[in-house]
Amino acid sequence: MAVRRRRRGAAAPPEPPAHSGRRPCRLSGRRAGAAMGRAALLLLLLVATAARAGVSAAGGPEVHSLRGTWRLGNGNGSVVLRGEVPGCVHTALHRRGLIQDPYYRFNDVMYRWISLDNWTYSRTFKTPFDIRKWQKVNLVFEGVDTVAQILINNITLGRTDNMFNRYSFDITSVIKEVNFVEVRFLSAVSYAAEQSRCHKAYSIPPACPPPVQKGECHANFIRKEQCSFSWDWGPSFPTQGIWKDVRIEAYNHYHLIYFSLTSFFVKSAQQWSLEIESIFDVVSSKPIAGLVTVNIPKLQMQQTFSVKLQPGEGSIVLLVNINKSSAVEAWWPNGHGKQTGYNMTTTFIMEAGYQIEKFSKAYFRTVELVQEPIPGSPGLSFYFKINGRPIFLKGSNWIPADSFQDRVTYDTLWLLLKSAADANMNALRVWGGGVYEQDEFYNICDEIGIMIWQDFMFACALYPTDQNYLESVRAEVSHQVRRLKSHPSIILWSGNNENEAAIASNWFSIPYADREVYIKDYVLLYVKNIREIVLTEDKSRPFIASSPTNGLESVKEGWLSQNPYDTHYGDTHFYDYSNDCWNWTVYPKTRFASEYGFQSWPSFSTIEKVSSTEDWSYTSNFSLHRQHHENGNDQMLQQIGHHFKLPQSTDPIKKFKDTIYLTQVMQAQCIKTETEFYRFSQSEIIKGEGHTMGALYWQLNDIWQAPSWASLEHGGKWKLLHYFAQNFFAPLLPVAYEDKGVLYIYGVSDLHADRKLTLRVVVHAWSSLEPVCTLAKDGVTVKAQSAVLIYKESINNLLERCRNCTRKSCVITFCLVGEGGLQSPMNHHFLSSLKDAVGLEKTHLSASVSQRDDVYIFVLQTTAIAPFVSLDVGRIKGRFSDNGFLMTEKKKVVVFYPWEPTSVEELEESLTLTSLVDVV
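It should be emphasised that the depicted structure is a prediction, and the values quoted were computed from it without experimental measurement.

Calculation criteria
- Residues numbered from 1 in each chain as written.
- Predicted model: local features only at pLDDT ≥ 70, side-chain atom pairs only at ≥ 80, totals over all residues.
- Heavy atoms only, no water.
- Disulfide = S-S within 2.5 Å.
- 1 Å grid on protein atoms, 1.4 Å probe; cavity = no way out; pocket = protein on both sides within 12 Å on 5 of 7 lines; lining within 4 Å.
- Points joined across faces, edges and corners; volume = space filled by probe spheres on them.
- Helix = DSSP H or I, 4+ residues; strand = E, 2+ residues; numbered from the N terminus.
- Nonpolar A, V, L, I, M, F, W, Y, C, P; charged D, E, K, R; others polar.
- Core = buried A, V, L, I, M, F, W, Y, C linked by side-chain atoms within 4.5 Å.
- Buried < 20%, exposed > 50% of the residue type's maximum accessible area, 1.4 Å probe, protein only.
- Contact = heavy atoms within 4.5 Å.
- Expected span 1.5 Å × (residues − 1).
- Patch = residues over 30% accessible without salt bridge, like charges linked within 9 Å, V, L, I, M, F, W, Y side chains within 5 Å.
- Areas by Shrake-Rupley, 256 points an atom, 1.4 Å probe, with all protein chains shown as cover.
- Salt bridge = Lys/Arg side-chain N within 4 Å of Asp/Glu carboxyl O.
- Lys, Arg positive; Asp, Glu negative; His and termini not counted.
- Charge placed at Lys NZ, Arg CZ, Asp CG, Glu CD.
- Phe/Tyr/Trp six-rings, centres within 6.5 Å; stacked < 30°, edge-to-face > 60°.
- Lys NZ or Arg CZ within 6 Å of the ring centre and 35° of its normal.
- Pairing = 2+ DSSP bridges.
- Axes fitted to C-alpha atoms, helices over the stretch in contact; angles between N-to-C directions.
- Polar contact = N/O pair within 3.5 Å; in protein donor to acceptor, adjacent residues only side chain to side chain.
- pLDDT = per-residue confidence, 0-100.
- Parallel < 35°, antiparallel > 145°, perpendicular 65-115°, else oblique.
- Left-handed = near helix turned anticlockwise from the far one by under 90°.

1. Section: the state of the cysteines
Scanning the entire structure with this criterion turns up four disulfides. Note that Cys208 is cross-linked by a disulfide to Cys217, the S-S spacing being 2.0 Å. Measuring handedness by torsion sign, the sulfur bridge of Cys208 and Cys217 sits at about 105 degrees and is right-handed. The disulfide pattern of the chain is 1-2, 3-4, 5-6, 7-8 when the bonded cysteines are numbered in sequence order. For the unlinked cysteine Cys198, the closest cysteine sulfur is that of Cys217, found at 16 Å.

Given below as structure tokens:
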């Protein structure tokens, strides 16, 4: 994560080893067309041969999952229990009632012993097939966390040391009718420390996290989720476990390991094409010929190819040209069009063995990262074009949704990602200190139009580059790119989080004389290894080495720029907790803001689950323990103090709740100000800066219940920031700012056409629900996908026009209205700090609740203007249509969308209404 704060921030690959004699067979549709006459005949011959060989068309490999209950024991055998696979030790202990919720109070520190022990998973299984019938049998682990020795029937198959790799072990010669499989783990903490000790040539910083994080050391020496050793928003739970599927695969002749498809638009031919890549383990000692048929019914497209698989790791690359007469619908990001995908069947019929039918979805979209000169500005642009259209990226940064990945279900992911889309986001950055997310994550993003900036898993550290480490990383990168490249949602690969900046800004106080060795390591890891593999495996999307980076300028400077935060190039990360966040002049007028943010506390109902009564104060041991960012709690109070009165209640619980509320108001207003600044900077260059084309705030979600930069609490509850995001990321938005006593209002639009609109500006006195004055400016043109100045007036003129108004006694609200129901959210501009506001009265807020179909209607009434009105229904899961708003009318209707069954009575009982004037 930052300038201001330093953070963010198989050994055996699939059988056989990666890059072993891989000879791709690359065929285009045209060449295949010539073979089509012979194809039908060959097809009949192949089916007949397969039938004679006694292999039915359906008789494929035997796949047997070893998911379920395993035996789990610690190092000295004093703790033995049942553990689920996929799973980890912590969740197994919790599920059996041997430990409390690891997130409860101080348990992250109390349960440190779990990570320091060495645990073993074991189980017996009967082989569910006749071993003699199969040429090859593999034991496949989709994910092992992390350092383990794998044994079957007391024979060591191999070792694992990378959480992000897929491991496949050949057990053909050792499998029996009844088998005993063991996974003997070594503590990740001990292993990382040992690896660091063994690296004697020079140190690789940072050694340990700051003490405030209560974490473990040397995370950079283990290929494991880096934040599992702690982060400045998360606990230290260095898990052990089989965290993904494990299975037995038995096959003859050949077996499909990876299948991917990427789309391209061939400009010269004005035609879409699909590249389909299939990677096989070929057991046969001779090449295997056959036919592949690709069928996309919706596009009336069927093509058949003659292919040949080479022994070893055989690869087939097919180029399928889509008929020009087919009306292909492209995949578009949320807010810019539909996310059309086409059902596709790929059928492999080979001369030996069985038929394979692969069902998949084909998506058509192109992505370009545009870095080119901008008139009137030094440097280069940095923006994304999807299907030839420049897109302003609106969104946030994604971290792991839980410390224990087995607790992250499809429903967890759907709720968080749908909440991002519902807040008008179109992009998320999967941050490099977590995990490459599960398949369902990317499937959902494909479905709902969330573009993914995908980091590789390196963050806020320097890393070793010895041979073993590089081999492990190469296998990891190769596996992850093959696994993920079919997803249209992924638009960028990025080498790491903040490691270019770490060297450039010398975070780790490396003596100048020693810099070269670290620069060499950096280039070796991210450029000569990771980048090389990405460019080989995936030619369909761009790659950058780091974030923040100066993009092509960093490349020009040998992949390490002098100042990766330069606003004239690439992307920036920006954090500033000391300056007043309402002051837009402190923000960088950057090309692309990929990280920025402010902390807040999660709501009381979220904290309550993991705390006890004595913890409910802002200065309790618990509140200090939960804050992992140095001085974080004080920084929030300082930022609040710029514009709001701090709570003074003598009731300690009310004071705590008031403080939580104010941290959320502050965070929402700060990030609103900064995001609006980035959005209105997209079409202008001022003093050589501007053309901002992305705003991804830090961070979307939480890993546990604690103060953090997130807009979604652990469990998915929306903070006020997320409700504000729904407005500040709206497709059409008027944005106001002041400069030297002049009010400027910009019309910001993501719409694809220019619109003639009416700008309505209403000035309210704090003391009255009746507007002081109203201005309607008709015929305002808001240009498509741009930000244009639509209104300008000196504040003094405006106050004179609206008699009886001063800066302290009045507030400005404004919105854009067009034909056909087109309307922007109502926006506001404060003329003074709210702690100085004159005329704000204690209001009586009330709400009536009723049910309409699957939703609930809250009718709010107020007796006076109410700033930052918050509706909270405690632990009832769901979200409101609007929240944290400025209520300037007597009545407002808000809809509640429940995520689980509830009732009017439950909602009425749980409802708390708060506005700024309730904080005393």
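2. Focus on empty space enclosed by the protein
Its volume calculated, the largest cavity comes out at about 100 Å³. Lining the largest cavity are 14 residues, with Leu261, Thr262, Ser263, Tyr363 and Ser486 sitting closest to its centre. Where the lining of the largest cavity is concerned, the elements lending two or more residues are strand 14 (254-266) and strand 20 (355-362). Of the residues forming the lining of the largest cavity, the biggest block, three residues, is contributed by strand 14. Residues of the lining of the largest cavity, tallied by class, amount to five nonpolar, five polar and four charged. The space that makes up the second largest cavity amounts to roughly 80 Å³. Of the residues that constitute the lining of the second largest cavity, the class distribution is nine nonpolar, no polar and one charged.

3. So, the nonpolar core
Grouped together as the largest cluster of nonpolar side chains are 161 residues, with contacts concentrated most on Trp398, Phe456, Ile530 and Phe858. At twelve residues, the largest contribution of residues to this core is made by helix 15 (residues 652-680). If we ignore the near neighbours within four places in the chain, the residues touching Phe858 are Ser848, Val849, Leu871, Val873, Phe880, Lys892, Val893, Val894, Phe896, Leu907 and Leu911. Counting residues in each nonpolar core, the second largest holds 36 residues, with Val89, Trp119, Tyr167 and Ile171 among its members.

4. What about the layout of surface pockets?
Approximately 1,400 Å³ is the volume attributed to the largest pocket. Taken together, 46 residues form the lining of the largest pocket, with Glu142, Lys358, Asp439, Asn443 and Arg483 sitting closest to its centre. Put simply, the parts of the chain that give the lining of the largest pocket at least two residues each are strand 13 (246-251), strand 14, strand 20, helix 7 (439-448) and helix 8 (467-484). Residues belonging to the lining of the largest pocket are distributed by class as follows: 19 nonpolar, ten polar and 17 charged. Within this model, the second largest pocket holds a volume of roughly 880 Å³. Lining the second largest pocket are 33 residues, and of these Pro825, Met826, Asp882, Leu886 and Lys892 lie nearest its centre. Contributing elements (two or more residues each) for the lining of the second largest pocket: helix 15, helix 16 (720-728), strand 36 (755-765), strand 39 (810-817), strand 40 (827-830), strand 45 (885-887) and strand 46 (891-898). A class-by-class count of the residues in the lining of the second largest pocket yields 14 nonpolar, twelve polar and seven charged.

5. Details of helix 15
A rise of 1.5 Å per residue sets the reference length of helix 15, with its 29 residues, at 42 Å; its end C-alpha atoms lie 42 Å apart and thus fit the reference within 8%. The buried fraction of helix 15 is high, at 24 of 29 residues.

6. Some thoughts on the environment of Ala461
Turning to its location among the elements, Ala461 is positioned in the loop between strand 26 (451-455) and helix 8. A relative accessible area of 5% means that Ala461 is categorised as buried. In this structure, the C-alpha to C-alpha distance between Ala461 and Pro209, residues 252 residues apart in sequence, is 10 Å. Excluding residues that lie within four positions of it along the chain, Ala461 makes contacts with Pro205, Pro206, Asn220, Asn499 and Phe508.

7. Some remarks on a negative patch on the surface
A cluster of acidic side chains, namely Glu900, Glu905, Glu906, Glu908 and Glu909, defines a negative patch on the protein surface. On the secondary structure map, Glu905 appears in helix 18 (residues 904-910). We classify Glu905 as exposed; its relative accessible area is 53%.

8. Overview of the packing of aromatic side chains
Within the structure shown, the criterion is met by 66 aromatic pairs. What links up through ring pairs into an aromatic cluster is the set Phe574, Trp584, Tyr587, Tyr596, Phe677, Tyr678, Phe680, Tyr737, Tyr744 and Tyr746. For Arg407, the ring lying beneath its charged end belongs to Tyr103, and the centroid distance is 4.9 Å. Across from the ring centre of Phe604, 4.6 Å away, lies the NZ or CZ of Lys657, which sits over that ring.

9. With respect to the pattern of salt bridges
In the structure shown here, the tally under the stated rule is 38 salt bridges. Put simply, Arg67, Glu142, Arg166, Asp245, Arg247 and Glu249 are held in one network by salt bridges that share partners.

10. Here's the deal with the sheet that holds strand 4 (residues 80-85)
Within a beta sheet, neighbouring strands are joined by backbone hydrogen bonds and run either parallel or antiparallel to one another. With respect to topology, six strands assemble into an open sheet ordered 4-3-5-10-7-8, the strand pairing being antiparallel. The sheet is open, and its two borders are formed by strand 4 and strand 8 (155-160), each paired with just one other strand. In this sheet, neighbouring strand axes are inclined to one another by 25 degrees on average, regardless of whether the strands run parallel or antiparallel. Strand direction decides the pairing type here: strand 3 (residues 68-73) and strand 5 (residues 120-126), joined by three bridges, are antiparallel. Directly across from Arg71, in strand 5, lies its bridge partner Ser122.

11. Brief notes about the environment of Gln303
Relative to the assigned elements, Gln303 resides in strand 17 (residues 301-309). By relative accessible area, which is 14% here, Gln303 ends up buried. For the pair Gln303 and Arg515, spaced 212 residues apart in sequence, the C-alpha separation works out to 55 Å. Here the side chain of Gln303 touches Asn321 through a polar contact of 3.0 Å, landing on its backbone oxygen.

12. Notes on the confidence of the model for the chain
Taken residue by residue, the chain gives an average pLDDT of 93. The fraction at 70 or more is 94%. Mean pLDDT across the secondary structure elements of the chain bottoms out at strand 1 (residues 24-28), with 38, and peaks at strand 26, with 99. Here residues 2-58 is a poorly scored stretch, pLDDT under 50, and it has 141 contacts once near neighbours within four places are set aside; other chains count.

13. A look at the packing of helix 8 against helix 10 (residues 515-537)
Packing of helix 8 against helix 10 brings their axes to within 10 Å, and their N-to-C directions diverge by 30 degrees. Our classification of the angle between helix 8 and helix 10 gives roughly parallel. For the pair helix 8 and helix 10, the sense of crossing is right-handed. Contact residues: Leu470, Val473, Arg474, Val477, Ser478, Val481 and Arg482 in helix 8; Leu524, Leu525, Lys528, Asn529, Ile530, Glu532, Ile533, Val534 and Glu537 in helix 10.

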